[in-house]
Amino acid sequence: MDKYQQSQKNQLFKSDTHDPYRSQRFEGSAICPQCDSVYQAGNWTWKSPENTVIHDAQPVKCPACRRIDDNMPAGTLKLSGSFLLNHRTEIVNLIEHTEKKEKAEHALERIINLTDSGDDLIVTTTGIHLVHRIGHALEAAYKGDSDYRYGDNEYGLSATWRRDE
Ligand SMILES: [Zn+2]
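Residues numbered from 1 in each chain as written. Predicted model: local features only at pLDDT ≥ 70, side-chain atom pairs only at ≥ 80, totals over all residues. Heavy atoms only, no water.

(A) The arrangement of the sheet that holds strand β6 (residues 111–117) in detail. Ordered by their spatial adjacency, five strands build an open sheet running β6-β7-β5-β9-β8, and the pairing between neighbours is mixed. Edge positions in the sheet fall to β6 and β8 (145–150), since each has one partner strand and no second. For this sheet the average axis-to-axis angle between neighbouring strands, irrespective of direction, equals 15°. Strand contacts of helix α5 (residues 128–142): β5 (75–80), β6, β7 (120–125), β8 and β9 (157–162), with the helix running at about 165° to β8, the strand carrying the most contacts. (Pairing = 2+ DSSP bridges. Helix = DSSP H or I, 4+ residues; strand = E, 2+ residues; numbered from the N terminus. Axes fitted to C-alpha atoms, helices over the stretch in contact; angles between N-to-C directions. Contact = heavy atoms within 4.5 Å.)

Structural data, given as structure tokens:
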């Protein structure tokens, strides 16, 4: 790992520890009344056969549902360029497929909205890892140019992806 990668990793780590929506920690377990995700031992996960029996679970809205309700994305990805205009449907399919895989593994990584803004497409997410994963999926499938910027003072990741024919 070179110095650049190391600093990227530190930034990512720093960002992880400062997500205000995930800082709430409490004893015992909880179930989100909106999405049925489960909080145990400090982590939010989907219900699974191992954790479906939770006797003392309290109803607590999970960080992802809170971000969705507040419309406070952790991650934003802006797609632009003429390639997008000509391949919008398959690009949206790739984004949604990528979300499905990421969300299955990480309960708090979800898309909030896909919004058209002029000729651009804006994707907002509840977690920064999903932005990375979608950006890398786009690069792997279509090349193009991407850029990732972490918030200086507040938790978040803004990314762009662009391809012109
Ligand atoms: Zn939830």
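(B) Quick peek at the pairing of β9. The alternating pattern of β9 places L157, A159 and W161 on a buried face and S158, T160 and R162 on a face that is not buried. In this structure, β5 lies alongside β9, joined through six bridges in parallel fashion. By the bridge assignment for β9, S80 is matched with R162. In the sheet, β8 pairs with β9 via six bridges, with the strands oriented antiparallel. Looking across to β9, one finds that D147 is bridged to T160. Here β8 hands over to β9 after six residues, the two strands then running antiparallel side by side. (Buried < 20%, exposed > 50% of the residue type's maximum accessible area, 1.4 Å probe, protein only.)

(C) Examining the coordination of the zinc ion more closely. Protein coordination of the zinc ion is provided by C32 (SG), C35 (SG), C62 (SG) and C65 (SG), with donor distances spanning 2.3 Å. Around the zinc ion, the four donor atoms sit at angles spanning 106 to 117°, and that spread fits a shape best called tetrahedral. Counting gaps between the donor residues of the zinc ion yields the pattern C-x2-C-x26-C-x2-C. Note that C32 is positioned in the loop between β1 (30–31) and β2 (38–40) and C65 in helix α2 (residues 63–70), a separation of 33 residues in sequence. What makes C65 buried here is its relative accessible area of 4%. (Donors = N, O, S within 2.8 Å, 3.2 Å for Na, K, Ca; no water. Tetrahedral: all angles 85-135°; square planar, octahedral: opposite > 155°, others 65-115°.)

(D) Just the packing of helix α4 (residues 88–105) against α5, in detail. Between α4 and α5, the shortest axis-to-axis distance is 10 Å and the interhelical angle comes to 135°. The orientation of α4 with respect to α5, classified from their angle, is oblique. The chirality of how α4 crosses α5 is right-handed. Judged by residue contacts, E90, I91, L94, I95, T98, E99, K101, E102 and E105 of α4 engage H129, L130, R133, I134, A137, L138, A141 and Y142 from α5. In terms of residue class, the contact of α4 with α5 is built from nine nonpolar, two polar and six charged. (Parallel < 35°, antiparallel > 145°, perpendicular 65-115°, else oblique. Left-handed = near helix turned anticlockwise from the far one by under 90°. Nonpolar A, V, L, I, M, F, W, Y, C, P; charged D, E, K, R; others polar.)

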